[in-house]
Amino acid sequence: MKIPKLKVSLPKLKLPKLKLPKIGLPKIGLPKIAAPKLSLPKLSGFKFLKRKGKADLEAAEAEAPAEKIAEALEEDGAEKPQAKGRFPKLKGKARVLVPLAGALVVAALGGGGYFGWRMLQGQPAAQGESAASAPQGAEAKAGGEGKEAAPQAAQAHGEGGKPEGHAAGAAAPESKSEGAPEGGGGKQKVVVTPLPPPPPPSEIVAMVRRLQDLQEKTAVGDAAAFVEMPKHLRKLGRAIFEAPPETWQRPDDARALICYLLRGGSSEAGRKALSAAKFSPAEAPFVKAVIAYLENLEVPERDYLLTLDPFALDPTLGPSVAFVQSILLTPRDRAAAVAKLDVARLLAPGGLVEEASLRREVVLLAEDRQYERFASLGRQYWARFRASPYAENFLRQFMLGVARVARSIKLEEWSQLQDFVESLTPETKRNIYLTVAQTASVVGNVDLAAMAASRARDLSVDGSEERHRASVYGALAAVGSADPARSAHLLDDVDRGRLTPADQPLYDAAAYVAGRIFRAPAKGFKEQPAGDANATDADLARAEKLLKDGDAVIASARKTMARER
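Computed from a predicted structure; not experimentally measured.

Side note on the overall build of the protein
Looking only at helices and strands, the protein features 22 helices and 0 strands. Here the protein holds 565 residues, and the buried ones make up 33% of them. Within the protein, residue pairs in contact and separated by at least 24 positions form 58% of the contacts whose partners lie at least 6 positions apart. Counting only carbon and sulfur atoms, one obtains 58% of the accessible surface of the protein, whose full area is about 37,600 Å².

As structure tokens, this is what we get:
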């Protein structure tokens, strides 16, 4: 059975057409900006590549000569090919590099023109002088030729139309050099009168300067200056002692006297000068204060030094005054004393004042337990003044400072000093480590004593006195160790007779304590050995004596440190 096909036709729907209104945009009229016309200079001698038209020729007729117009007409009439082959089109990097090279050439030409212009500007003044000198020479030779010389000189550099005016302008600078300005448009000459030379220094001032020079050389290790310095001081003292009273009325000589006193001079010479009573009111108390300081007199006059500002004083006096102020402030205010030493080093770098300031500041910092600055200034001194004749004194003071530090410094804090100590010579390192080991072992700083004794033993020769000392200090540090097998034999390789009298009590103490702690009982604890009681009492008495001797050694060391301080 066939199913009939059904055809369904849908009606077509037409959408209405929408007409949108036309919106006209407003016309915005921008103002016309006229580009400025640049007038370029006319360059003669260059032929333009562009062909000239008839309009260009008509404009050039008024300026160019007839010959150039004829040449332009010939070029216009002859149908020559355009000069396209001379300047090809630039491609790639050439489009940037070629214009840049042209700009550089133009800049160079412009610079040369500028300098040429300056040379031309300077020419008339020089030629004006020749023009002014020409009439004078002419008048000297012939009386009536002066008026003709000036126009000729003016015409020589292109001003023949104004001969009289130029001659007047040329003569103007000469008259202005006398200080009387006149009209004429010429440049005024300034005559600089040099200052008169300073008067030569007096004998005392010259000798004080020589003293300063010798001390500066001594600080850097000049042996000849070190030998000459005390001789020069005595010579200078005699000169001051024999100087007439009028000498101290001059401020330079008064300051030279104060400088001499502050740099190691004799107070007797200062008192002789002070007895003249010729000092000014500002310098008399200064001299009195310095003399009181040299004679260690605790009088009110000495405190005048504390009222002075080192920065406001003469450069020859400021550093020494700051150093003296530090010494006076040490018992009162140690922080202020250290600050004054910094000022002295700042005002006199590289000289004997800075060298002495560093030595003193290292000791003060060690006493105040400022380990970092103590090590820093020690490195600074050794790097700059190791050739100084006072370097050995510094090392002694540094070892005393290390001994103070060893009483309280911990082993981990020693790293702040380790780098500087290791930078010294082997002998100096060994002595420092021996000092640290001795002090640390006596006060019970066991870890530091063990480290220092080990380093000193490594730096000592086998069988030497230093090796025995290091072994004793190491035994004192390790006698309480938990290793009995090692602690009982710490002093087996030490010869007591090779030790110094100060180290022998330490050896006895270490041997006694080690023997009593690590000695096995003879017959047990039930029966008392015969004679052991008397031996024990004798050992105890000996130990007490050794302890007293050790206390005496420590007290003696403290007194020595106090004197050095």
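A word on helix α8 (residues 251-262)
Under the 1.5 Å per step criterion, the end-to-end length of α8 is 17 Å for 12 residues, consistent within 8% with the ideal 16 Å. Judged by how many residues are buried, α8 sits mostly within the fold: 9 of 12 residues are covered. The complete set of buried residues in α8 reads D253, A254, A256, L257, I258, C259, Y260, L261 and L262. Taken together, the buried residues of α8 touch α6 (203-219), α7 (223-242), α9 (267-274), α10 (284-294) and α11 (318-329).

Concerning the pattern of salt bridges
Scanning the entire structure with this criterion turns up 21 salt bridges. As a salt-bridge pair, R255 and D252 come within 2.5 Å of each other at their nearest N and O atoms. Of this pair, R255 and D252 both sit in helix α8, 3 residues apart, which is roughly one turn of that helix. Classification of R255 as partly exposed rests on a relative accessible area of 28%. Here R334 ties to D368 by a salt bridge, and the two come within 3.0 Å at their closest N and O atoms. Taken together, the residues R334 in helix α12 (residues 334-347) and D368 in the loop between α13 (352-367) and α14 (371-385) connect sequence positions 34 residues apart. Among the residues examined, R334 registers a relative accessible area of 27% and is labelled partly exposed. When its relative accessible area of 30% is taken as the criterion, D368 is described as partly exposed. Among the charged side chains, a salt-bridge network with shared partners connects R210, D213, K217 and E228.

Some points on the packing of aromatic side chains
Within the structure shown, the criterion is met by 9 aromatic pairs. For the ring pair Y381 and F385, a centre distance of 5.7 Å and an interplane angle of 45° mean the geometry is tilted. One end of the pair, Y381, and the other, F385, are both in helix α14, 4 residues apart, so they sit about a helical turn from each other. Each member of the pair, Y381 as well as F385, is classed as buried. Taking the centre distance of 6.4 Å and the plane angle of 50° together, the rings of W414 and Y433 count as tilted. Highlighted residues: W414 in the loop between α15 (391-408) and α16 (415-422) and Y433 in helix α17 (residues 426-443), separated in sequence by 19 residues. Classification of W414 as buried rests on a relative accessible area of 2%. Every member of this aromatic cluster is reached through a ring pair, and the members are F374, Y381, F385, F394, F398 and F420. Its guanidinium or amino end placed over the ring of F241, K272 lies 5.5 Å from that ring's centre, counting from NZ or CZ.

What about a positive patch on the surface?
Residues K231, R234, K235 and R238 make up a contiguous surface patch of positive charge. With respect to the helices and strands, R238 occurs in helix α7. The exposure class of R238 is partly exposed, given its relative accessible area of 49%.

Structural notes on the nonpolar core
Core analysis: the largest hydrophobic core is formed by 63 residues, its most contacted members being F374, F394, F398, W414, I432, V436 and V472. One finds I204, A254, A256 and F286 within the second-largest nonpolar core, a separate group that totals 36 residues.

A closer look at the environment of S280
With respect to the helices, strands and loops of the structure, S280 is situated in the loop between α9 and α10. Taking the C-alpha atoms as reference points, S280 and P251, 29 residues apart in sequence, are found 8.1 Å from one another.

Things to note about the packing of α11 against α13
α13 packs onto α11 with a crossing angle of 20° between their chain directions and a minimal axis gap of 10 Å. In this view, α11 runs roughly parallel relative to α13, as classed from their interaxial angle. The way α11 lies across α13 gives a crossing that is left-handed. Counted together, P319, S320, F323, S326 and I327 of α11 and V353, A356, S357 and R360 of α13 form the full contact between these two elements. Of the residues assigned to the contact of α11 with α13, the class counts are 5 nonpolar, 3 polar and 1 charged.

Details of the confidence of the model for the protein
In this model, the protein carries a mean pLDDT of 74, and residues with pLDDT of at least 70 account for 61%. Scored below 50 in pLDDT, residues 76-85 shows 6 contacts in the model against residues more than four places distant or in partner chains. For the stretch residues 123-183, pLDDT sits under 50, and the model shows 45 contacts to residues farther than four places along the chain or on other chains.

Notes on the environment of P245
Tracing the chain through its elements places P245 in the loop between α7 and α8. Judged by relative accessible area, which is 36%, P245 ranks as partly exposed. Counting along the chain gives 33 residues from P245 to K278, while the straight-line C-alpha distance between them is 6.5 Å. Each residue touching P245, except ones within four places of it in the same chain, is listed here: A276 and K278.

Examining the packing of α16 against α17
When two helices pack together, their arrangement is given by the angle between the helix axes and the distance between those axes. With their axes 9 Å apart at the nearest point, α16 and α17 run at an angle of 145° to one another. Contacts between α16 and α17 involve Q418, V421 and E422 on the former and, on the latter, K429, I432 and Y433. Within the contact of α16 with α17, the residues separate by chemical class into 3 nonpolar, 1 polar and 2 charged.

Details of the environment of A440
Inspection of the secondary structure assignment puts A440 in helix α17. If sequence neighbours within four positions are ignored, A440 has contacts with A406, N445, L448 and A449.

Notes on unusual backbone geometry
Phi is positive for N296, which is not a glycine, with a value near 55°. One can find N296 in the loop between α10 and α11. Take N296: its relative accessible area is 58%, and that puts it in the exposed class.

The rules we used
Residues numbered from 1 in each chain as written. Predicted model: local features only at pLDDT ≥ 70, side-chain atom pairs only at ≥ 80, totals over all residues. Heavy atoms only, no water. Helix = DSSP H or I, 4+ residues; strand = E, 2+ residues; numbered from the N terminus. Buried < 20%, exposed > 50% of the residue type's maximum accessible area, 1.4 Å probe, protein only. Contact = heavy atoms within 4.5 Å. Areas by Shrake-Rupley, 256 points an atom, 1.4 Å probe, with all protein chains shown as cover. Expected span 1.5 Å × (residues − 1). Salt bridge = Lys/Arg side-chain N within 4 Å of Asp/Glu carboxyl O. Phe/Tyr/Trp six-rings, centres within 6.5 Å; stacked < 30°, edge-to-face > 60°. Lys NZ or Arg CZ within 6 Å of the ring centre and 35° of its normal. Patch = residues over 30% accessible without salt bridge, like charges linked within 9 Å, V, L, I, M, F, W, Y side chains within 5 Å. Lys, Arg positive; Asp, Glu negative; His and termini not counted. Charge placed at Lys NZ, Arg CZ, Asp CG, Glu CD. Core = buried A, V, L, I, M, F, W, Y, C linked by side-chain atoms within 4.5 Å. Axes fitted to C-alpha atoms, helices over the stretch in contact; angles between N-to-C directions. Parallel < 35°, antiparallel > 145°, perpendicular 65-115°, else oblique. Left-handed = near helix turned anticlockwise from the far one by under 90°. Nonpolar A, V, L, I, M, F, W, Y, C, P; charged D, E, K, R; others polar. pLDDT = per-residue confidence, 0-100.

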